[in-house]
Every structure is written in C-alpha cells, then in structure tokens.
Amino acid sequence: MPYNMPATRVLMNNLRQVMAEDGDTRSRLDHVVRLIASTMVADVCSIYLREPDGALLLIATEGLKPEAVNKTRLTAFEGLVGFVARTAEPISIEDAPRHPAFSYRPETGEDPFHAFLGVPILRTGGVTGVLVVQNRTERTYREEEVDTLQTISMVLAEIVHTLTLSPAPQAAPDRRMRGPGGGSLKGRIFCEGLGFGRAVLHDPVVPAAKFFAADQVEEAERLSQGLVDLRTSIDRMMLIDGAVLGEDPRDVMEAYRLLAYDSSWAEKLHEGVRSGLSAEASVDRVRREHRAKLQNARDPYLRERFHDLEDLDNRLLRVLGGEEGKPQITGDRSVLVARRLGPAELLEYSKAGLKGLLMEEAAASSHAAIVARALGIPAIGGIEGLTTRIEQGDYVIVDAEEGTVHIRPDDAVYDAYQSREALRSERQAAYAKLKGLPARTLDGTDISLMLNAGLDLDLDMLDQAGADGVGLFRTEFQFLVSETLPRLNDQITLYQRVLKRAAGRPVVFRTLDLGGDKVLPALNLQREENPALGWRSIRFALDHKGLFRRQLRALVRAAADGPLTVMFPMVTVPAEYHAAKALLMEEVAWSARKTGVQPSQLSVGVMLETPALGFSMQDLGGEVDFLSVGTNDLLQFFFAADRMTPSVSERYDLVDPAALRYLKMVAEVCTAHNIRLSVCGEATASPPVALCFAALGYTSLSMAASAIGPVKQALRKVDLGAFRAGLLALMDKPNGSFRNQVLALAAEHGIDTADS
Ligand code: PEP
Ligand code: MG
C-alpha cells in the first residue's frame, strides 16, 4: 500500500466535508487549497481554471501572493501550467525555473519555489483546469503523491465546474437547468428535423454525491464483484459471438478480453477505492485519464485501444450501477447524447421516446444513424467535443436542418426556434393535405414519388408520407444492424414483411451494397486506401457468389408468385450487370423447378452510380427494365469529391451544367432503348433538383419520407414543359452562377427556393 494512503484518506474525508459545506464555491476552493497544501506538506497549492479561449486563470492559492488570484492568466501555451493543460498529463519537476517551459510571473511571488507538480483537472473528457503543488526545496514527487493529487483533482473538477456556471435562471426553470448559454456545435445531419429536450448521456455519469465511499472494505468488495461480473459477461460474449465471427473480429474481442483481465487496470481501480473514493468514482477517475489520452492520441491503433479501455470503464460503471445506473429517458423530452452507439441500443432507448440524437461518431452510414433515420429521430453526428460540452440534463436544441446543436440556448435562440418549429408544423400540415393527391405537374405529367428505406421500420412512413412505393430498399441494412450474417430465412422473413407492408405498392429491392463505408465486421474485409473506389457493392457481391445467391434466392422466395423488382448497385460495365442478372435468372429458374412458383412479373434494373455506365446504356437495351440514378455515389465520382469528407462532400451540386448535360444524355439513350428512368439518391430531396430531374425525363423519384411533401408541392405547382424549356436554354449557354439562375427559374415557377 502506498506510504501516504492514510494521509490521502484523511484528505478525502476532509474534502468530502468541504463538498458538503454550504459556503460559496470560492471560499470552498480556498479551503481546499489550504487542506491540500497542509496534507501534502507543500508550500504552495494553486488551482487554475481553463477559460473558453484556453487561457488558464489562477482562481485559488495557498502560498502564492493572494493578489494574483483572478489576475494571473497564462495563455494556453504558457508555462508549465499550460503544458499540463495541453498534454492532459501530470508533470513533476525538481527544479521548475530551469525548465524550458517555465514562465515567471512576478505578481505571484513564485521566485523561491523549485519543485513543481501539476496535474490536469479533467471533466467529461476535457481539461477544465490545472492543480499545482510547489515546494521551496528541490525534490522529486513520488508516484503515490502524483496519484493522490490526480484523485483530488477529480473531486475538484466538480467544484471548479460550478464556477463556470452562473446561478440557475429564474425565468425559465422548465427549460434551462442552469448556467449561461453553452454555445453551439456543428456536425453532420444524420436525420433531418428539429428536436428540443434535455440531454441524457449514454455514457454513465457519476454524480458528485456518489464520489466517496462510506465503508472502504465494503466498497472494495463491491468493486471486486463488479470486476468479476464484467469479466464473466465478456467471456460469455466470446462464447456466443466468437464462434460465428471469424478470425479477425475474434482477435479484436480477445484483445478486449485481455484488457478486462489486465491486473494493472484492476489495481488502479482498487487504489482509488483505498484512497476513499467510491467504486464508481474510482472507475470514473480512470475513465477521465483514458479519455484525455484518447483526445491526445493521433495514432489510429492507439486511439482504438483507448476507445476499448473507455468502453470497458463504461461497461464496468453500468455493472456497478445496475438498473439504477441506466440513463433515464423521460417520456418525450429527452435528447440522447453519445460518443458511439450501437443500433440495438438506440432501438431500446427509442421505445421510451426520443426527441433527438447527438453523436460524436462521424459516419452518416453508422448503424445508429441508419436506425435514427428509420425512426425519424432528428439526429446529428460527427460533433467534435460533444460530450465535453454537454452536461446531463442540459436543455438542448437539435437543429438537424442546419446541422447545429444549441446548448442551454438563451431566450432569443429559444424563441427563434419556437417560431421555426411552428412554421415547420404549419408546412407539415400543408404537406399532409397533399397526401392523397398525385404528384401531377400543371401540364399533366405524373411523377411517382417513392420512399428510400432500409429497415422494415421505415415502412411506417409509406402511409404517413403518402409515398407511391419504395424506390430503394437498401437490403444491406439488415446485415449492418445484426451481429451475425442474416441467414436465408431471416432474409426471406424481412422481404416478406416489407412486401406485405407495402400492400401492393411497388418495392425496388437493391441487392447487397456492402463495402466502402458500409463495413461488416463479420465479413473480414481488407483495409483499403480508397474504400469508395474499392472492392465494394456489386464487385464484392459477384466475388462472393454464395452470399449473393442466397440473397437472390431469398428475394425470389419472398416474392413467391407476386411481382418482384430487383436492382443492382454500382454497376460500372455491362458485363457486371449480365453476370448479376444471370444469377438472378438461375434462382428464378431454380425456384420454378423446385417449387413450381415464380414471380408473376420480374423487373430488373441497374443503378447509375459510376459515370462510365452512362456511356454503355445503349448496350444494355432490351436487358434492363429501368435505370435508377444513385446521386450520392454518382456525384462523388462525377466530381471526384468524397461523399464522406465534409470539406468537399457539399462543394458540388447536381444543379450544374456538366452534370445535367450528362444526365440528359443518359435519359435520351435510355428513352431510345425503352429503359424507364428513376432516381434514388439523396439529391432529389431538394425540390429544385427534383424539378431538374423531372424536366429531363426522370419520372420516378425516390427519397427520404420527409422530402416527399415539399417535392410534391413543388411538382404540383410547375408547368414542366415550360420549366424544361427554360432549363435547357440555361444549360445551352450557362453564364454566371448556373445554380442561382436555375433557382431563379424555379422561383419564377412559384417554387419556394428559400431553403435551397
Ligand atoms: C446512392 O449512391 O445514391 C445510393 C442511393 O446508394 P447509397 O447511398 O446506399 O450508396
Ligand atoms: Mg450508392
């Protein structure tokens, strides 16, 4: 046991009393620095608070000149204190003035002090301050002392944090829990919409009241039992999943298990309990260190390991907290805040009703993002610093129209959003009125408005949005949201359910589109330099004939003697289409032979996602029933702009003369060869883009449910022939901003382009 453990315990006991005191925060901090200095036999103990710009302000001291308090402010890059804040690591120095990072501030009267020990004050992943002890004599601080100071800094984090918050506002107690506005953060829209509510953190939170253990022996036993339960649950996971996962994921799981059994981790946790912390607080202390290291780590391998470690900390907190420790979703007023989230977890939470989802994870194709879209929960992802900035219970506005989250909004922001919400509801009501009406243009062209879906949950939206059918059913979602590869029967069941819920409306099943950003751990794919251009989609399916055939068989079986529509993604050359179609036809023939049943009508299409295919459509005449433009992929290949890289993904637009001329050429070739034209990428969600497609002859547009109302409204207002003539004239002689000219043209046709 470390030599000074009894002293630490005494200190913790005293701190516990200070925490329980009524006095104001500053006097409590003065009390704390005195306590630490005397217990650690230090000449100085100081606390620096990190301000929003990164500067560090001296807010309490014992030993330095009191006048320096609230005056001495070090920039983020200044001095040893700045060094600790930047690295989020403790440093211990025998003779500080000789250290290159040392910065002398005369007002503090620091001259006589040589030994320096500084530790970061960490809170929900970020450094919120620095705690320092100094001694006159040159000395080396022992490891145990560093540890003690780190433990204390965790308790302090809660007190220091309250300093950054002003008293609870009186005006709107139901809305803002506390404090000044928390500002706003930006991210990527995963599911469009607006959401309001209180933040519920997915990762377990240890309330300050639970920091200290009443009985250390009992607490140590509780921790040991928690560790045993955690390890048993991980062993069980290995037994169930390990057998079906294949080698690579198994290795990952095994590494995870080793971490859970790591004795130095357990020892560190026990050390916290011995120093007077509760088991939860001890895990939390270690978790803060892991998070800080994760934030600083650049190496992807190291980052993965720190993620795993943090995952383990969270798991252990859940085990220790039992039912009570679970996030409390309150009716329909909660916004879930998570670093990462599994799809099953989100489904579980959503049962209690969620108003929004915020995630640090960046991929819009992440499984949780997919489920959020299926459930229609406004969601934003890729928000850096999310869990550092949002506190449990904070009031937040999820603006998943702009990709912004407002934390503890002030009255002006709140009121502005209330009006926007009202406007949105008004618009929704207007769209709802159009539900039973056709998307018929003023000059009589009917456009089919279809739904993009991927889970059978999505199908609820068919009626709600008044869609004419499903224009894109992303079959790979079933694979992405399940732990193991779906079996033939699982696939048949899903497809049957989808067809049943579509109740006679057409459903276009897109065959497996895996690879790229849709990575299946169970399939053990190799890492690629450029996954979007790699072994994905139809290329991958044709190289995994067993898997592909099984899916085609499931589709044929699910359709039974009804109609079946299938389309193949990312076909680049006709040979790929021919190979895929041949497999489908073999399955149809096999089914007919085996069961005497075959689809009453078979429609086979191809997605236009690579520019090359557009120049081969004439070669597919007579073979292909329809073409569907996958704008998400087509855009990225046409303009060479990665759809996953935010800085370029929105730089280019289909409302561009080059893109529209290409799409016009494709439309003409297809029409000449009797190939029906449709679109199923996200771009059609924008009414002006939808109009351009319709004007070029694409008569079936598939989109997210929320886009159907606005697009239908626009189509019903337009004289398509006149719009086409105007568009072709602009395409013929573009000058200046083509996009603005097209928007102006749409506006002339009565289309609201304010949001475009
Ligand atoms: C597309 O690329 O436009 C498309 C619909 O496919 P996904 O977004 O699933 O790649
Ligand atoms: Mg695609």
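Every value quoted in this text rests on a predicted model; they were computed, and no experiment measured them.

Caption draft 1: The coordination of the magnesium ion (ligand 2), seen in detail. Protein ligation of the magnesium ion (ligand 2) involves Glu609 (OE) and Asp633 (OD), the donor distances falling in the range 2.0 to 2.1 Å. On the criterion of sequence distance, the pair formed by Glu609 in the loop between strand E19 (601-608) and helix H20 (611-614) and Asp633 in helix H21 (residues 631-638) is long-range, its members being 24 residues apart. Take Glu609: its relative accessible area is 3%, and that puts it in the buried class.

Caption draft 2: Spotlight on empty space enclosed by the protein. Inspection of the entire model under this criterion finds four cavities of 30 Å³ or more. If you add up the space inside the largest cavity, you get close to 110 Å³. Lining the largest cavity we find 14 residues, and of these Tyr48, Leu74, Val81, Ser103 and Glu110 sit closest to its centre. Per-element tally for the lining of the largest cavity: the top contributor is helix H3 (residues 79-87), with three residues. Split into classes, the residues belonging to the lining of the largest cavity amount to six nonpolar, five polar and three charged.

Caption draft 3: Here's a closer look at the sheet that holds strand E2 (residues 56-62). Strand order in this open sheet of six strands is E3-E2-E1-E6-E5-E4, and the pairing throughout is antiparallel. At either margin of the open sheet sits one strand with a lone partner, and together these are strand E3 (73-74) and strand E4 (91-93). Of the pairings in the sheet, the one linking E4 to strand E5 (residues 115-123) comprises three bridges and is antiparallel in character. Across the sheet, residue Ser92 finds its bridge partner in E5, namely Leu117. Each of strand E1 (44-50), E2 and strand E6 (126-135) is contacted by helix H2 (residues 25-39), which is oriented at about 60° to E2, the strand it contacts most.

Caption draft 4: How the structure looks around H21. Burial within H21 is extensive, with seven of its eight residues counted as buried. For H21, the full list of buried residues reads Thr631, Asn632, Asp633, Leu634, Leu635, Gln636 and Phe637. Of the residues trailing H21, Ala640 is marked for its positive phi of about 50°.

Caption draft 5: Structural detail: the site of ligand 1. Arg474, Arg510, Glu609, Gly630 and Asn632 are the nearest of the 14 residues found near ligand 1. With respect to ligand 1, the side chain of Arg510 contributes an N or O atom lying 2.7 Å from an oxygen atom. In the environment of ligand 1, an oxygen atom lies 3.0 Å from a nitrogen or oxygen atom belonging to the backbone of Asp633. Surface burial for ligand 1 is 98%, taken as the share of its 290 Å² of free accessible area covered by protein chains. Sorting the residues of the shell around ligand 1 by element identifies strand E16 (470-474) and H21 as the ones contributing at least two each. Take the shell around ligand 1: its biggest share by element is three residues, from H21. Split into classes, the residues belonging to the shell around ligand 1 amount to three nonpolar, four polar and seven charged.

Caption draft 6: Here's a closer look at the pattern of salt bridges. Following the criterion strictly, the structure yields 36 salt bridges and no others. In this structure, Arg73 and Glu51 form a salt bridge, with 2.7 Å as the shortest nitrogen-oxygen distance. Of this pair, Arg73 sits in strand E3 while Glu51 sits in the loop between E1 and E2; the two residues are 22 residues apart in sequence, bridging distant segments of the chain. Taken together, the shared-partner salt bridges connect Asp203, Glu310, Arg339 and Glu360 into one network.

Caption draft 7: Inspection of helix H18 (residues 545-559) at higher detail. Relative to the 21 Å expected for 15 residues at 1.5 Å per residue, H18 spans 21 Å between its end C-alpha atoms, a close match to the ideal helical length. For H18, the complete set of buried residues consists of Leu547, Phe548, Gln551, Leu552, Ala554, Leu555, Val556, Ala558 and Ala559. Here the buried face of H18 lies against helix H15 (476-481), helix H16 (488-502), strand E17 (507-510), helix H17 (537-543), strand E18 (563-568) and helix H19 (574-595). At the C-terminal side of H18, Ala560 shows a positive phi close to 50°.

Caption draft 8: Molecular detail of unusual backbone geometry. A positive phi angle, close to 40°, is found at Arg408, a residue other than glycine. With respect to the helices, strands and loops of the structure, Arg408 is situated in the loop between strand E14 (404-407) and helix H13 (411-433). One non-glycine residue, Ala640, adopts positive backbone phi at about 50°.

Caption draft 9: View of the domain arrangement of the protein. Entries for the protein in the domain assignment read domain 1 (5-164), domain 2 (177-202 + 326-424), domain 3 (208-321) and domain 4 (434-748). Each partner contributes to the interface: domain 2 provides four residues, whereas domain 3 provides eight residues. Contact between domain 2 and domain 3 buries roughly 490 Å² in total, counting both sides, with carbon and sulfur atoms accounting for 28%. Counting the surface domain 2 buries against domain 3, the share from its top three residues, His202, Arg339 and Arg340, is 85%. Remark: the boundary between domain 2 and domain 3 carries one salt bridge.

Criteria and thresholds
- Residues numbered from 1 in each chain as written.
- Chains lettered and ligands numbered in written order.
- Predicted model: local features only at pLDDT ≥ 70, side-chain atom pairs only at ≥ 80, totals over all residues.
- Heavy atoms only, no water.
- Donors = N, O, S within 2.8 Å, 3.2 Å for Na, K, Ca; no water.
- Helix = DSSP H or I, 4+ residues; strand = E, 2+ residues; numbered from the N terminus.
- Buried < 20%, exposed > 50% of the residue type's maximum accessible area, 1.4 Å probe, protein only.
- 1 Å grid on protein atoms, 1.4 Å probe; cavity = no way out; pocket = protein on both sides within 12 Å on 5 of 7 lines; lining within 4 Å.
- Points joined across faces, edges and corners; volume = space filled by probe spheres on them.
- Nonpolar A, V, L, I, M, F, W, Y, C, P; charged D, E, K, R; others polar.
- Pairing = 2+ DSSP bridges.
- Contact = heavy atoms within 4.5 Å.
- Axes fitted to C-alpha atoms, helices over the stretch in contact; angles between N-to-C directions.
- Near = heavy atom within 4 Å.
- Polar contact = N/O pair within 3.5 Å; in protein donor to acceptor, adjacent residues only side chain to side chain.
- Areas by Shrake-Rupley, 256 points an atom, 1.4 Å probe, with all protein chains shown as cover.
- Salt bridge = Lys/Arg side-chain N within 4 Å of Asp/Glu carboxyl O.
- Expected span 1.5 Å × (residues − 1).
- Domains from an automatic or database assignment.
- Buried area = accessible area lost by both parts, 1.4 Å probe.

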